Amino acid sequence: MKLNKISAALAAIVAASAVIAAPAQAAPQVEVLHYWTSGGEAKAVGELKKMMEAKGVTWKDFAVAGGAGENAATALKARVISGNPPTAAMIKGPAIQEWGQEGVLANIDAAAVDGKWATLLPPVVSNVMKYQGHYVAVPVNVHRVNWLWINPEVLAKAGAKAPTTFDEFFVAADKIKKAGLIAVAHGGQPWQDTTVFETVVLGVGGAQFYKKALVQLDQASLTSPTMIKSFETLAKIKTYIDKDSAGRDWNLATAMVINGKAGMQFMGDWAKGEFTAAGKVPGKDFLCVAAPGTEKSFTFNIDSLTMFKVKNPDEQKAQLTLAAAVMSPEFQETFNLNKGSIPVRSGISRAKFDSCATKSMDDMAASNTAGTLEPSLAHGMAVDSAKAGAIQDVVAKFMNSSMTPQAAVQALAKAAKTK
Ligand code: GAL
């Protein structure tokens, strides 16, 4: 009895001291800002969380819903301005340099040296991850943007076939419409409008035209007959979108293709993450084809986690652990299987990847050789954020008004001069 009492008292003391000691022993934490909130995306980021927790690092999720990260960018600015940045944020492309200029990014060279990143990443990728020669970001994946997602049952019902050119696309769209279904699933949000727009420019003008117009922002190309034709094509696509599209999230548009309400969607392969999460199989339940006229080209969108300067030494260590985890073969496989993208580093087996992913891998390599691998404008890969934003506004205005293609190209050329 006495002994029992003593041991109970001891147990209480031990428990109390554990509580007191807890802060010193608390697991290091990473807070990660992202916008991966759809079904497939949440599954993918959940894998990273699991991986970090297995390494003894606590994951603090800072998810800000909103496709292509517009809301996330605003939330990030507020946190950085208040001197309390997250450990990492989903920031990519030229925006990494813009944040670098603010002096708020962390040097993660130690992780890069340890992990031999220089031998695993092509320079076109590693250069984007560096600010003034030092790694400040870790690449996650490669998304392809110029895809068309198709429900083959809808095609069969309509007596249509998967298009490879815009002429064929409009034939198929007419048939789907006649069958009483929605031909094009779309969400009326500026970034989705711009995703379709850039894909149309690529299909109508080809990769060299795309580069001159949407990467180099060559004024003559922006106002050329080819750009006018691109806007005419976009205007025609508009007529196949249902009237409830305004503000619709991209994953809800994908769901319309998944459940057979709609036939086709122009979207990057994060859409495949939705098909996969719904248990759908490519080639059987859905088709992934290069968007009309873009079979030989590849518009890329490379996600990355950009690291912010943090004060706590434990958090600094955990930041390097996070960077190393993202480049690990386990992460690159599991995350990308769920996300719809492909690994960004070399040395990952293809065995578990489906036919859309292996097509993406093959097409990326072929377009790299052919000189038709281009950065996505709509996904922050091609130009600085001020210009990208101004161009997006023009495209959204075109989609939501009766603006003529002639007026649109003039507005586009002006937007491209935004400073
Ligand atoms: C892209 C991003 C993808 C995906 C998509 C929808 O810009 O690169 O990872 O999240 O937006 O939000």
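First, a word on scope: everything that follows refers to the structure included in this document.

Rules of the game
- Within each chain, residues carry numbers counting from 1 in the order of the written sequence.
- Given that this is a predicted model, residues contribute local features only at a pLDDT of at least 70 and side-chain atom pairs are listed and counted only at 80 or more, while totals for whole chains, interfaces and linings are drawn from all residues.
- Note that the side-chain values use all heavy atoms of the structure and ignore hydrogens as well as water.
- Secondary structure elements are defined from DSSP: runs of H or I of at least 4 residues count as helices, runs of E of at least 2 residues count as strands, and each element is numbered from the N terminus.
- Buried residues are those whose accessible area, probed at 1.4 Å on protein chains only, stays under 20% of the maximum for their type, while exposed residues exceed 50% and partly exposed ones sit between those limits.
- A contact between two residues is defined here by any heavy atoms of the two lying within 4.5 Å.
- The definition of a right-handed crossover adopted here requires that, viewed with the strands pointing away, the path from the first strand over the helix to the second runs clockwise.
- Whether two strands pair depends on DSSP finding at least two bridges between them.
- By convention in this document, the label disulfide applies to cysteine sulfur atom pairs within 2.5 Å.
- What we call a nonpolar core is a set of buried Ala, Val, Leu, Ile, Met, Phe, Trp, Tyr and Cys residues that are connected through their side-chain atoms within 4.5 Å.
- By this rule the span expected of a helix is its residue count minus one, scaled by 1.5 Å.
- Any N or O atom pair separated by 3.5 Å or less is treated as a polar contact, with the protein-specific requirement of one donor-capable and one acceptor-capable atom, and with residues adjacent in sequence counted only for side-chain atom pairs.
- Helix axes are fitted to C-alpha atoms over the stretch in contact, other axes to C-alpha atoms as well, and angles between N-to-C directions run from 0 to 180 degrees.

## Structural notes on the side chain of T195
Residue placement: T195 occurs in helix α10 (residues 190-215). Residue T195 is classed as buried on the basis of its relative accessible area of 1%. Beyond its immediate sequence surroundings of up to four residues, T195 is in contact with V145, M267, A378 and H379.

## A closer look at the pairing of strand β1 (residues 29-34)
Where burial is concerned, most of β1 is hidden: five out of the six residues are buried. Taken together, β1, helix α2 (residues 39-54) and strand β2 (residues 58-63) constitute a β-α-β crossover, and its handedness is right-handed. Two strands pair when backbone bridges link them, and β1 and strand β3 (residues 88-90) are joined in this way by two bridges, in the parallel orientation. Each residue of the ladder has a partner; that of L33, found in β3, is A89.

## Considerations on the state of the cysteines
Evaluated as defined, the whole model comprises one disulfide. Paired through a disulfide, C288 and C356 show a sulfur-sulfur distance of 2.2 Å. Judged by the sign of its S-S torsion, about -105°, the bond between C288 and C356 is left-handed. Here C288, found in strand β11 (residues 287-290), pairs with C356, found in helix α17 (residues 355-370); they are 68 residues apart in sequence, far enough to count as distant. Judged on exposure class, the residue C288 and its partner C356 are both buried.

## Description of the nonpolar core
As a rule of thumb, soluble globular proteins bury nonpolar side chains together. In terms of nonpolar packing, the biggest core is built from 64 residues, with W117, L305, M307 and L322 touching the most fellow members. No other element matches the six residues that helix α15 (residues 313-327) contributes to this core. When sequence neighbours within four positions are dropped, the list of residues in contact with W117 reads I108, A111, A112, Y135, A137, V138, A323 and M327. Formed by 55 residues, the second largest nonpolar core is a distinct cluster that contains L148, V184, V200 and A408.

## Details of α17
Here α17 is 16 residues long and its end C-alpha atoms lie 22 Å apart, about the 22 Å a rise of 1.5 Å per residue gives. Along α17, the residues that are buried comprise C356, A357, T358, S360, M361, D363 and S367. Among the structural elements, β7 (143-144), β8 (147-150), α14 (270-277), β11, β12 (298-301) and β14 (373-375) are those in contact with the buried residues of α17. For α17, the capping residue at the N-terminal end is D354, with a side-chain oxygen 3.1 Å from the backbone nitrogen of C356. At the exit of α17 stands G371, carrying a positive phi of roughly 75°.

## A look at the sheet that holds β14
Reading across from one edge, β7-β12-β14 is the order of the three strands in this open sheet, with mixed pairing throughout. Every other strand in the sheet has two partners, leaving β7 and β14 as the edge strands with one partner each. Examined bridge by bridge, β12 and β14 share three bridges and lie parallel to one another. Across the sheet, F298 pairs through a bridge with L373, a residue of β14. This element, α17, spans β7, β12 and β14 of the sheet and lies at about 110° to β12.

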